[in-house]
Number of protein chains: 4
Amino acid sequence: MRKRVYKLLSVSKTPGDLSWYVDAFIITLILLNVVAVILVSIESVRIEFGNYFLLFEYFSVVVFTIEYLLRLWTANLNPTYKKPIIGNIKYALTPLAIIDLLAVLPFFLPFFGVDLRLLRFLRVFRVFRLLKLARYMVALDLINRVISKKKEELVISFILTGFLLVVAATFMYYVENNAQPDKFSSIPETMWWGIITVTTVGYGDVYPITPLGRFLAGIIAIIGIGLVALPTGILAAGFSNELSQGQQKNQRCPTCGQLIRKK
Amino acid sequence: MRKRVYKLLSVSKTPGDLSWYVDAFIITLILLNVVAVILVSIESVRIEFGNYFLLFEYFSVVVFTIEYLLRLWTANLNPTYKKPIIGNIKYALTPLAIIDLLAVLPFFLPFFGVDLRLLRFLRVFRVFRLLKLARYMVALDLINRVISKKKEELVISFILTGFLLVVAATFMYYVENNAQPDKFSSIPETMWWGIITVTTVGYGDVYPITPLGRFLAGIIAIIGIGLVALPTGILAAGFSNELSQGQQKNQRCPTCGQLIRKK
Amino acid sequence: MRKRVYKLLSVSKTPGDLSWYVDAFIITLILLNVVAVILVSIESVRIEFGNYFLLFEYFSVVVFTIEYLLRLWTANLNPTYKKPIIGNIKYALTPLAIIDLLAVLPFFLPFFGVDLRLLRFLRVFRVFRLLKLARYMVALDLINRVISKKKEELVISFILTGFLLVVAATFMYYVENNAQPDKFSSIPETMWWGIITVTTVGYGDVYPITPLGRFLAGIIAIIGIGLVALPTGILAAGFSNELSQGQQKNQRCPTCGQLIRKK
Amino acid sequence: MRKRVYKLLSVSKTPGDLSWYVDAFIITLILLNVVAVILVSIESVRIEFGNYFLLFEYFSVVVFTIEYLLRLWTANLNPTYKKPIIGNIKYALTPLAIIDLLAVLPFFLPFFGVDLRLLRFLRVFRVFRLLKLARYMVALDLINRVISKKKEELVISFILTGFLLVVAATFMYYVENNAQPDKFSSIPETMWWGIITVTTVGYGDVYPITPLGRFLAGIIAIIGIGLVALPTGILAAGFSNELSQGQQKNQRCPTCGQLIRKK
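Computed from a predicted structure; not experimentally measured.

About the criteria used
- Residues numbered from 1 in each chain as written.
- Chains lettered and ligands numbered in written order.
- Predicted model: local features only at pLDDT ≥ 70, side-chain atom pairs only at ≥ 80, totals over all residues.
- Heavy atoms only, no water.
- Axes fitted to C-alpha atoms, helices over the stretch in contact; angles between N-to-C directions.
- Helix = DSSP H or I, 4+ residues; strand = E, 2+ residues; numbered from the N terminus.
- Parallel < 35°, antiparallel > 145°, perpendicular 65-115°, else oblique.
- Contact = heavy atoms within 4.5 Å.
- Buried < 20%, exposed > 50% of the residue type's maximum accessible area, 1.4 Å probe, protein only.
- Least-squares fit on C-alpha atoms with pLDDT ≥ 70 in both.
- UniProt positions renumbered as here; feature names shortened; annotations may be inferred.
- Buried area = accessible area lost by both parts, 1.4 Å probe.
- Salt bridge = Lys/Arg side-chain N within 4 Å of Asp/Glu carboxyl O.
- Polar contact = N/O pair within 3.5 Å; in protein donor to acceptor, adjacent residues only side chain to side chain.
- Expected span 1.5 Å × (residues − 1).
- Phe/Tyr/Trp six-rings, centres within 6.5 Å; stacked < 30°, edge-to-face > 60°.
- Core = buried A, V, L, I, M, F, W, Y, C linked by side-chain atoms within 4.5 Å.
- Patch = residues over 30% accessible without salt bridge, like charges linked within 9 Å, V, L, I, M, F, W, Y side chains within 5 Å.
- Areas by Shrake-Rupley, 256 points an atom, 1.4 Å probe, with all protein chains shown as cover.

Enquirer: Would you explain the packing of helix α3 (residues 43-74) of chain A against helix α4 (residues 84-92) of chain A in this entry?
Expert: Residue and element names in this part refer to chain A. Running from N to C, α3 and α4 point in directions that differ by 135 degrees, and their axes come no closer than 8 Å. As summarised for this structure, α3 and α4 are arranged oblique, according to the angle between their axes. For the pair α3 and α4, the contacting residues are Tyr-68, Arg-71, Leu-72 and Trp-73 in the first and Asn-88, Tyr-91 and Ala-92 in the second.

Here it is, written out as structure tokens:
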């Protein structure tokens, strides 16, 4: 019995069998939940169809709770979490299990006497149901691989961006504070200008007006764009590399014409 | 007779013969049509020269209709659509034929009693005449090839962008809704902010004003830029690759100096 | 005599000789001219020091005119323009000679009875004196090489961008015209929105406000960014390639360890 | 004694020994200083906790001054600065030593009778304490290497960007000055528009309104984006290259399977 449940819940690779339909059902339910979160945020929809969405929410929570409990119960069948109770706890602490828990927890908190205000905020976490999809996405494997390979470059460029932001905001604060005390009121405030400039978003709500400030902004913009765009370039190269390696597995040597079989 | 028409309409590769002039005439007419659509949208031009543009429109529709009918009639001479009637229908359902039809259809709809309001909207489709150029553009082949080779990466980055947009808009909606209920009125509304931020367009019509919202926006901007820029990097690599392969076909081996003939 | 003048004016490669000082003098004068054009545009500077700038302008025009005439006179010594008069005319029609002429011509036009209004506009062309620097810039060679190698890709991406702009502006015009008749008043007007969106500049002076318009703008932004960024990626690859080829001239073969001497 | 101090102050590679704790202490103090500079810029914090921050400032200056003096004193132990007094002066002129001095100097200037107004401005330089971290950052080595390798490309693209900015601003000034004399009041003023457009920040405080100005802006935006993005592409390629070389040092030959030992 437990084995059958375990198999049903694990990701199926043969379309058409029962486990595949279970996957499809859960994926559909997750996507519908996200659609529901989006739609219910529109006031006119909330007023007219609020009750139906509430029913759907009850239904989803029931399904996801059962799913969570079954997964917890059958975790021992995975060799990694073999030991009866320690294994189950270990499984409960994996990222995927925590996501599953967070996806239903906000619903049950009022029963534990949690303040309603806090609760309103916790409803945001319903969007984490989207992350439940991670279990079914092969693409995430690829992304994980690329990011872990390029970790070093990414960390460096993030540190440098942080560096630049702090230096830029400090200078800008001292330069523009007198001219626009309301917009460049402190360094953290000025950082908002910095991040929006360096990412080239440029909303236009805050910008320097003094000549020195504009000169500084110009230099920061040019340097900053380079820094912010670095991770992109690095990631693009990483993705291209990773995906082309699969295609290059059977390639001919340019000198001798022999087939090269890379691992 | 039918053979001669077929030859005249097919894309000519020897400049100077009659079929080449037919191509040039149709291409010119298409470009003039686009210019006309653009010019006629200027009110002062519409008032003064409206009649001439209407005449030109009649003329174009006649030519394009004849072209469409002749292409349909001679389709059987193409081995792919050999069978008398089934072949013609098959041809009529190819993308190029549908574009040809859409380019003239809006003109004839009033005769079929279509509502005038809908018709006004259908005039937009006159711009599809531009797509008729697809038949003559070799560059599109290249683009097709690049996109189909990099399909996998492109799909992944679009899914991730969609993912990020939904998560970002949901969070932002809960964070900013209280402070700016008119601009962040619902999650779909907030998505407008999200897409304009993540693409770094940053019109400045909607932006967060709360500290938490600004912090979130900063993080989303940095992550989002990377995601949105990924397809660009991937496509640039693809184009570079595809075009340099043509040049590398006859390359000398760096070690032995022999000519390498890649497939 | 003519030979000595020719040698003095041609670009010197041995720093310290007279020809080198002539180069340095002309380059300095060009840069000072650009600085003068910039400074004289500031009203307070124009009022106070206008006369000095006028004197400097007279001096520059005299020098540049003499330089132009000498270059024209000595053109025959260049084997390409050997023939007495035809050679001089041929030289006068080269881009560098035309730039030299345009750099002084606006000054002499009033003597030929050119309207003063037109003349005011022609003063813009003083900025072309900057282009006189082209003669001395080795870097331009590199750029020329890269651009001519990647011509094909660049042309394709520009055609596609034009394509997208026309289609996007036409759709946007029909969608937003009713809601904002003043900002989306015609397709050419809407193209201003298109170009500012697709380049991600996003000034925020024009943006869609209808839901359909926003949806369209989102899609156009994502597609357009890719298209506009393509040439950048292509050029960056080209530059990287071109410059690394110089460094790779003496490289060891990865298989046999022998030195490879590329041409 | 001097030797022990020298060892304590030099960067330790074995975590856990005393020199390592000294490093950790200084790094922590630097980071806390930056946090202090940021926090004290918030008015409410300054009013309530100003005294504590002043105490912390006194403490930091004392520590950094002692550190600076000790470093200066022990500089002779570094073989590069061997000679008794000339060596110390030489060390004092290295970038790292100048940063160390600038990080404390503003504090001592009032004792030398420096004007208070200037002093207020000099407080900006407290942010240079952040640069003291340079001594401990391995990543900067990498960046130095990448930048020095790609110097040529970077210089070219900066020159070209400057070129474009001057030409663009001059043209735009002549085109838009009549329509918006307050925003395009001079060429330097117009350069603010230029840099914000070319970097695609696009705050929206200055933008052309005449048709010719908009046409020019569109062309400049497309060209400029390419130019500004060039260094980014070049740097990304450089980083990718530099970091992948470390991984490729011990690579197997694709044809023969032998280990290739690159220098």
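Enquirer: Looking at this structure, I do not really get the environment of Gly-226 of chain A. What am I missing?
Expert: All names here are of chain A. Residue position: Gly-226 is located in helix α11 (residues 211-247). For Gly-226, a relative accessible area of 9% puts it in the buried group. Placed 69 residues apart in sequence, Gly-226 and Ser-157 show a C-alpha to C-alpha distance of 9.9 Å.

Enquirer: How should the relation of the copies chain D and chain A be read in this particular structure?
Expert: Mapping chain D onto chain A leaves a residual RMSD of 0.1 Å; the transformation is a rotation of 90 degrees accompanied by 0.0 Å of translation along its axis. The relationship between the two copies is best expressed as a four-fold rotation axis.

Enquirer: Hey, could you run me through unusual backbone geometry in this one?
Expert: When glycine is set aside, most residues are seen to have a negative phi, and most peptide bonds are trans. All names here are of chain A. Positive phi values are uncommon outside glycine, yet Thr-200 reaches one of about 60 degrees. With respect to the helices and strands, Thr-200 occurs in the loop between α10 (187-198) and α11. Owing to a relative accessible area of 9%, Thr-200 belongs among the buried residues under this scheme.

Enquirer: Can you walk me through the UniProt feature "transmembrane region" (unreviewed entry) in chain A in this structure?
Expert: Residues and elements named next belong to chain A. Following the UniProt record, the feature "transmembrane region" (unreviewed entry) maps to residues 20-40, 52-70, 91-112, 155-175 and 215-239 here. Secondary structure over residues 20-40 splits into 100% helix and 0% strand, and the C-alpha atoms at its two ends are 30 Å apart. Helix and strand shares over residues 52-70 are 100% and 0% respectively, and the end C-alpha atoms of the span are 27 Å apart.

Enquirer: I keep staring at the interface of chain D and chain A and nothing clicks. Help me out?
Expert: Quite often, the size of an interface is put as the accessible area lost when its parts meet. With 39 residues of chain D at the contact, the number on the chain A side is 45 residues. Between chain D and chain A, roughly 3500 Å² of surface is buried when both sides are summed, and carbon and sulfur atoms account for 75% of that area. One salt bridge connects Arg-214 of chain A with Asp-205 of chain D, and the closest N-O pair in it is separated by 3.9 Å. Applying the counting rule to chain D against chain A returns 5 residue pairs in polar contact (both at pLDDT 80 or more). If you tally residues by element for the side of chain D that touches chain A, the top one is helix α11 (residues 211-248) of chain D, at 7 residues.

Enquirer: Explanation requested: helix α2 (residues 18-40) of chain D in the structure shown.
Expert: An α-helical segment advances 3.6 residues per turn. Residues three or four places apart therefore align on the same side. Here α2 of chain D contains 23 residues, and its C-alpha end-to-end distance of 32 Å stays within 8% of the 33 Å for a straight helix at 1.5 Å per residue. When α2 of chain D is considered as a whole, its buried residues turn out to be Ser-19, Asp-23, Ile-26, Leu-29, Ile-30, Asn-33, Val-34, Ala-36, Val-37, Ile-38 and Val-40 of chain D. The secondary structure elements touched by the buried residues of α2 of chain D are α9 (151-176) and α10 of chain A together with α1 (2-9) and α3 (43-74) of chain D.

Enquirer: Please clarify how the side chain of Thr-200 of chain C should be interpreted in this entry.
Expert: A distance of 3.5 Å separates polar atoms of two side chains, one belonging to Thr-200 of chain C and the other to Thr-200 of chain B. Ignoring anything within four residues of it in the chain, the contact list for Thr-200 of chain C reads Thr-200 of chain A, Thr-199, Thr-200 and Val-201 of chain B, Ile-225 of chain C together with Thr-200 of chain D.

Enquirer: Even after reading the chapter, I still don't get the packing of aromatic side chains, so can you show me in this structure?
Expert: The geometry of an aromatic ring pair is captured by the separation of the ring centres together with the interplanar angle, meaning the angle of the planes. Residues and elements named next belong to chain B. Applying the stated rule across the entire model yields 36 aromatic pairs over all chains. Geometrically, the ring pair formed by Trp-192 and Tyr-203 is stacked, given 6.0 Å between the ring centres and 25 degrees between the ring planes. Of the two residues, Trp-192 is situated in helix α10 (residues 187-198) and Tyr-203 in the loop between α10 and α11 (211-248); the sequence distance between them amounts to 11 residues. Pair check on accessibility: Trp-192 and Tyr-203 agree, each one buried.

Enquirer: What is the right way to read the nonpolar core from this model?
Expert: Grouped burial of nonpolar side chains is what soluble globular proteins tend to show. Trp-193 of chain A, Trp-193 of chain B, Trp-193 of chain C together with Trp-193 of chain D are the most contacted members of the largest nonpolar core, which totals 123 residues. The contacts of Trp-193 of chain D, once residues within four sequence positions are left out, are Tyr-203 of chain C together with Met-172, Phe-184, Val-206, Tyr-207, Pro-208, Ala-217 and Ile-220 of chain D.

Enquirer: Looking at this model, I keep getting lost on the environment of Phe-111 of chain A. Mind explaining?
Expert: Residues and elements named next belong to chain A. Summarising the element assignment, Phe-111 is placed in the loop between α6 (105-108) and α7 (116-122). Judged by its relative accessible area of 65%, Phe-111 is exposed. Along the backbone, Phe-111 and Asn-76 are 35 residues apart, and their C-alpha atoms lie at a distance of 30 Å.

Enquirer: Sorry, what's going on with a nonpolar patch on the surface here?
Expert: All names here are of chain A. Taken together, the side chains of Ile-98, Leu-101, Leu-102 and Leu-105 define a hydrophobic patch exposed on the protein surface, amounting to about 260 Å² of accessible area. Ranked by residues supplied to the nonpolar patch, first place goes to helix α5 (residues 95-102) with 3 residues. Within the fold, Ile-98 resides in helix α5. Residue classification places Ile-98 among the partly exposed residues on the basis of a relative accessible area of 37%.

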